[in-house]
Amino acid sequence: MKTLSVALLITIAAAPLGAQQDWVARVSPEIATLVRELTSSAATRGLPIDPLIQKAIEGSAKGVPADRIAAALRALAGQLDVSAAALRRAGPSRPDTDAIAAGAFALNAGLSDTNVTDLARVSRPRHTEAATLRVAGTLAAMGVPAAQTVELVTQVIDAGGQSADVVALPAQVTAGVAHGQGVTPAQAAAGLARAAAARANAPGQQRPRPSHP
Amino acid sequence: MSGKDFHPQVKQLLDGELSLADLPAALRAEGEEALRLLAVVDREPVTFPGLETRVLAELRRRADSPSWWRRLVTPREVRLRVRPWTLVPAFAAALALVLFLAQPGPTPATSPVTVRFVLFAPDAQQVSLAGTFNQWDPAATPLVRTGTPGVWSATLILPAGQHQYAFVVDGARWVADPGAPAVDDGFGRRNSVLSL
């Protein structure tokens, strides 16, 4: 009975380790060493490690030279740090790793750390910071200017929009560009922001906006 | 027992209401016979056919059941000694848990979404899809030719969230999706972005 229990415990403990070690076979030994260093350091600072592993696998799959992969990994680790700091400025709660990864993506897409802080504040408490930041990063990647991206997301949330309304914004901007005559993503986003503001100011639709520090 | 009907005074004797000496002399012989018959009836052994066999079988069944099961099902007395002040943090923790679970929190979309990827690549011999959803494995998700010449497609069910990807043409050329937003991949190329 004891033998069975110990074997079961080893199996359970070894399973995630095995899954985590799969990436090592996909990268060069040099990159594997760097990833171990960076992920170990990131974990101690409460940062997500999966984006770093994914980036190493991506670079290797694309046949990128090791020195360029190393540079990209260090840049990404820096973005994760900036994202975590921006989220900490948004409030007292400790940022979760999903939100930090989403913030790093938004930074990579063109938002500033101040934008990340503002979006995290407007998300709380009804929306998840990670989802809001992913949407904002996608809008920025579509070509919507950073300030306008923050304004659009803020207007939709302040108008009482649900999580699904926020997640739908990139598709709505795409539809606006597709259906308009020469409409740019920025113009489509501006139109959506105006519509959200009108909804927020409509009689009986106003809700108290949470006070942000 | 005989079918003889005893004198009422003899019945009183049997019921213990009278003694043999209380009976009239004419009834004493009848009283003695009644007492003798009663003594015989009371001393007849009472037997239940098969009882011994059933009891022994039940004892054997209980003895054969596993010890852990006997420990589990046997009733036993458990004594719990509690210091009253220790209940305060316990109740506080339970209340906090109830309030936490009752709090309406954000509800991110978690259901998987079906997505169709399409690429127009008329000169390609093979096209595949690599991204965060398949560990950037170019061999994992091949596209197939559609009925329209030069158009390749693949339909995937992806978890809600954000995904980055690229098409891989002929196993070597990484191409961003022309119909999707893209970000710098850190290697001098672009990754397409999909937010679900």
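Quick summary incoming for the structure in this document. (Residues numbered from 1 in each chain as written. Chains lettered and ligands numbered in written order. Predicted model: local features only at pLDDT ≥ 70, side-chain atom pairs only at ≥ 80, totals over all residues.)

**Some words on the overall build of chain B**
When helices and strands are tallied, chain B shows five helices and nine strands. Starting at the N terminus and walking to the C terminus, you meet the elements of chain B as α-α-α-α-α-β-β-β-β-β-β-β-β-β. Expressed as a percentage of the 196 residues in chain B, the buried residues total 19%. (Helix = DSSP H or I, 4+ residues; strand = E, 2+ residues; numbered from the N terminus. Buried ≥ 20, exposed ≤ 12 C-beta atoms within 10 Å, placed from the backbone.)

**Quick look at the nonpolar core**
Counting residues in hydrophobic clusters, the biggest one holds 79 residues, and the most contacted among them are Leu52, Ala56, Ala106, Ala136, Leu139 and Val153 of chain A. If one sorts the elements of this core by residue count, helix H4 (residues 66-90) of chain A sits on top with ten residues. (Core = buried A, V, L, I, M, F, W, Y, C linked by C-beta atoms within 7 Å.)

**Focus: unusual backbone geometry**
Peptide bonds are trans in most cases, and residues, glycine excluded, mostly fall at negative phi. Each neighbour pair has its own omega, and for Arg124 of chain A with Pro125 of chain A the value is 0°, a cis peptide bond. Following the sequence through the fold, Pro125 of chain A ends up in the loop between helix H6 (113-123) and helix H7 (129-142). Backbone geometry at Gln135 of chain B places phi at a positive 60°, although glycine is not the residue there. At Asp170 of chain B, a residue that is not glycine, the phi angle is positive and equals roughly 55°.

**Description of helix H3 (residues 51-64) of chain B**
Here H3 of chain B contains 14 residues, and its C-alpha end-to-end distance of 20 Å stays within 8% of the 20 Å for a straight helix at 1.5 Å per residue. Summarising burial for H3 of chain B: zero of the 14 residues are buried, a small minority. (Expected span 1.5 Å × (residues − 1).)

**Details of the sheet that holds strand S5 (residues 151-158) of chain B**
Residue and element names in this part refer to chain B. The three strands lie next to each other as S1-S5-S4, forming an open sheet whose pairing is antiparallel. Here the strands that pair on one side only, and so sit at the sheet edges, are strand S1 (113-120) and strand S4 (144-145). Pairing of S1 with S5, which is carried by eight bridges, proceeds in the antiparallel orientation. Bridging across to S5, Arg116 finds its partner in Thr155. (Pairing = 2+ DSSP bridges.)

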